[in-house]
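# Architecture at a glance
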Amino acid sequence: MGLNSGIGGNRQRLHDRGTEAARHTDDGGEAMHTSGGRRTKAKHISSRKFVDKRSSMARIIKVVSLLCNLFFAESSHDKSRKQTLMEKEVVLDSGEKRLNELGYKQELRREMTLFKAIAIAFSTMTLFAGSTPFYGLSLQYAGPACLVWGWVVVAFFTCFVGVAMAEICSSFPTTGSLYFWAAHLAGPKWGPLASWCCAWLETIGIVAGTGTQAYAGAQVVQNIILLSTGTNKNGGYFAPKWLFLCMYVGVTVVWAVLNTFTLQVVAILDVISIWWQVIGGIAIVIMLPLVALTTQPASFVFSHFEMDPEMTGISQKPYAVVLSLLVSQYALFGYDAAAHLTEETKGADKNGPIAILSSIGIISVLGWAYILALTFSIQNYSYLYDPTNETAGAYVPAQILYDAFHGRYHNSAGAILMLFIIWGSFFFGGLSNTTSAARVIYALSRDGGVPFSKIWRQLHPKNKVPANAVWLCAAFAILLGLPILEVSAVFNAIASICTIGWVGSYAVPIFARMVMNEKNFKPGPFYMGRASKPICLVAFLWICYTCSVFLLPTYYPISWTNFNYAPVALAIVLGLIMLWWVVDARLWFKGPVRNIDGLKV
């Protein structure tokens, strides 16, 4: 009975434990067994705590994830917005940004590259346009030595002018270029007058420049026709004055038509121009001395001095030396064409100065090589000016080419080909010159400085070029050439007007830059620092000297046929312009006008 009661007690205890286990199982899902109960219970408690921690961690991660999504979504939006702003800043050209700071909005198409800007500046200066027409005249004044070394001297001082211009261009990359520079650098008191004088000097010079290119081109065509039809000795046709004038007018009209098209067309032609002139120039420089049966000794080229008072009427050596530099002084300007196109050039605050200095360097080297090639290849110095020679003594470079090629090959085909290359230089130069002239007229009209400005500042609706200004420039260039019918020294006069006006306009901003307070000058990427003032001084004095030389008579005794009418023409035109200033223009012309906010600069 004791055993039964012990067994029954154990059963009762087991039943109680089972009930408790069942209760624990129901409450916590844990099975409690007699053997190893404590370990099982600890294990299940641990598992429960792990599940609870995992659930809590999941909730925390979810919250953090939501917060991160909100944060990074906002950051992505900010990043996207910043990236968009950065892209806009990248798209906004540095030259356009500086243009906006100066108060002008971008209106012209900014599509010119550095190479194209150099091409236009190079084409405006042209390799042959300056050195070819004046070569015979300068050689006649004082012989080959002054001509050859004069080019080096002029190139040296031209570099000072170029550096001064490049520094200002870097700070003010605007189409108005020179006259805008003058207005800003001269300050509010003198700015309007400085801008007025500079603008009109430049306009006169650059429009006359188109005339000089047209005249020089017509001269070459006249000699091509002469040599092609049998030379002066064999009954060749020498174009009379009326036909010469027709050629002058015709090529000017062609330039105007081409400039009425989009600038990209002109830019493509100017790229062709630079290769035409470089390759053609190198070909002439190399071939001419090789083809010539004999060449002059170095002593003749570099040290021979010879005057011709019977032909020129000039017997004073200093005067003859001064005039012999005309060929170089006329050839080495026009590099500011790159500045006129800065509103159409990418990165103009950097590329404008590079284009100016590059064009000076290329023309200086190739131009000197061209002069040396012509001078070394002279066959008979005294025969060059003989009116009975094959070119009628009218065009010395053509006679040198004819003597060289005819002497070796007994025909004039080579000389005609070389003349055609030279004519191409004049053609491309006149085209670029018309481009620059139209931009100057457009910029001045935009600021109300030209009569009937509303007409001349209008852009072609499709091509976005100043077409009306192009045709105005062409019309004035044609008017300058009308005296061809009566006056034999027309080219000297037009070239003098061109040089005095064009180079004289350089002097105004350079002088203003020289005398202004350095603190008021905001430099661009190209900046000379302390050297700026001395460079500007040398450049200004050289410009004054150059303008003075072109006012001098080129032949004595003076007559109606050889009269240099440039001083008279300039006196009349500039007198009327200054009278207009005193009477009326000073009351309303305040310089370049901002077209963003309507304020004056």
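Residues numbered from 1 in each chain as written. Predicted model: local features only at pLDDT ≥ 70, side-chain atom pairs only at ≥ 80, totals over all residues. Heavy atoms only, no water.

## Some points on the pattern of salt bridges
Under the counting rule described, the total for this entry stands at 4 salt bridges. Arg 513 is the salt-bridge partner of Glu 167, the closest N and O atoms lying 3.3 Å from each other. Of the two residues, Glu 167 sits in helix H6 (residues 144-171) while Arg 513 sits in helix H20 (residues 490-515), which places them 346 residues apart along the sequence. For Lys 533, the salt bridge identified is with Glu 518, shortest N-O distance 3.9 Å. On the criterion of sequence distance, the pair formed by Lys 533 in helix H21 (residues 532-549) and Glu 518 in the loop between H20 and H21 is long-range, its members being 15 residues apart. By relative accessible area, which is 24% here, Lys 533 ends up partly exposed. By sharing partners, the salt bridges in this structure join Glu 167, Arg 513, Glu 518 and Lys 533 into a single network. (Salt bridge = Lys/Arg side-chain N within 4 Å of Asp/Glu carboxyl O. Helix = DSSP H or I, 4+ residues; strand = E, 2+ residues; numbered from the N terminus. Buried < 20%, exposed > 50% of the residue type's maximum accessible area, 1.4 Å probe, protein only.)

## Quick word on the side chain of Ser 496
Within the secondary structure, Ser 496 sits in helix H20. At 2.7 Å, the side chain of Ser 496 and the backbone oxygen of Asn 492 are in polar contact. In contact with Ser 496, not counting residues within four places along its chain, are Phe 550, Asn 564 and Ala 566. (Polar contact = N/O pair within 3.5 Å; in protein donor to acceptor, adjacent residues only side chain to side chain. Contact = heavy atoms within 4.5 Å.)

## Focus: the nonpolar core
Ranked by size, the top nonpolar core spans 163 residues in total, and within it Tyr 135, Val 161, Trp 181, Tyr 335, Ile 422, Tyr 506 and Ile 510 carry the most contacts. Counting residues per element, this core draws most heavily on helix H7 (residues 177-228), which supplies 23 residues. If near-sequence neighbours (up to four positions away) are discounted, Tyr 335 is found in contact with Ala 121, Met 125, Thr 158, Val 161, Gly 162, Met 165, Ile 356, Ser 359, Ile 360 and Tyr 506. (Core = buried A, V, L, I, M, F, W, Y, C linked by side-chain atoms within 4.5 Å.)

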